[in-house]
Amino acid sequence: MSQIDSILGIDGLEVLRVDRGSAIHVWAKPKRRMDCIHCQYSPIRIKATHERTLKHTRQGNQLMVLHLSVPKYHCLNCNHYFRHPFKGIRPRHRATECFRLEIFEAHDGGISQHKLSLTHHISSATVERWYHHHLNKRISELSGRSCPIVLGIDEHFFSRK
Ligand SMILES: [Zn+2]
């Protein structure tokens, strides 16, 4: 795995080109064609390819922008069409899950919306929206947990004196 592959941290991508200017632009495509997600038939036909542009992360003081080739497949066996799915990239989003989490953690750690809008090239409203999205996600993850019936408390020394 080359250095840029490991920097991307997204499985199954082949890096085609890297352009380091005011931002780091990375062009990538899937390493291999998928089997049909409906009937597992292989090989399937690539009907078309379109490019998605996604904000991915910040490296040093530069933003990394991912230009991703997304094949649209046609299965000749079951006649379904579908787009290549990528782990960590949701449909229609213009940033990777990694980037959204990065914003959440930075804002949660006290970095202001204004500062993040400058360093990550997104609007304050987007920081706000993503922050609440992640908070709600965490709340729903925690709400499924049951409350303990018995709570044990250890003795603690708060001061040697
Ligand atoms: Zn199929």
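All of the points below concern the structure found in this document. Here the structure is a predicted model, which means the values were calculated and not measured.

Here's the deal with unusual backbone geometry
Here the bond from S42 into P43 is cis, since omega is 0 degrees, no more than 30 degrees from zero. With respect to the helices, strands and loops of the structure, P43 is situated in the loop between β2 (24–30) and β3 (45–59). The phi torsion at Q40 lies on the positive side, around 65 degrees, for a residue other than glycine. As for its placement among the helices and strands, Q40 is situated in the loop between β2 and β3.

Brief notes about the nonpolar core
Counting 18 residues, the largest nonpolar core has V26, A28, L54, L66, I103 and V127 as its most contacted members. Within the residue set of this core, elements represented by two or more residues are β2, β4 (62–74), α2 (97–108) and α4 (124–143). Each of domain 1 (1–87) and domain 2 (95–144) contributes no fewer than three residues to this core. In this view, L54 contacts L66, L68, I89, R94, A95 and T96; residues no more than four positions away in its chain are not counted.

Some remarks on the packing of α2 against α4
With their axes 9 Å apart at the nearest point, α2 and α4 run at an angle of 90 degrees to one another. The orientation of α2 relative to α4 falls into the category roughly perpendicular. Across the interface between the two elements, R100, I103, F104 and H107 from α2 touch V127, W130, Y131 and H134 from α4. Among the residues forming the contact of α2 with α4, the class breakdown is five nonpolar, two polar and one charged.

Some points on the pairing of β3
Where β3 meets β4, 13 bridges bridge the pair, whose relative direction is antiparallel. Paired with I46 across the strands is Y73, a residue of β4. Where β3 hands over to β4, the hairpin turn is made up of two residues, of which G60 adopts a positive phi near 65 degrees.

Rules used throughout
- Residues numbered from 1 in each chain as written.
- Predicted model: local features only at pLDDT ≥ 70, side-chain atom pairs only at ≥ 80, totals over all residues.
- Helix = DSSP H or I, 4+ residues; strand = E, 2+ residues; numbered from the N terminus.
- Core = buried A, V, L, I, M, F, W, Y, C linked by C-beta atoms within 7 Å.
- Buried ≥ 20, exposed ≤ 12 C-beta atoms within 10 Å, placed from the backbone.
- Domains from an automatic or database assignment.
- Contact = placed C-beta atoms within 7 Å.
- Axes fitted to C-alpha atoms, helices over the stretch in contact; angles between N-to-C directions.
- Parallel < 35°, antiparallel > 145°, perpendicular 65-115°, else oblique.
- Nonpolar A, V, L, I, M, F, W, Y, C, P; charged D, E, K, R; others polar.
- Pairing = 2+ DSSP bridges.

Purely spatial values, then, with no claim about function.
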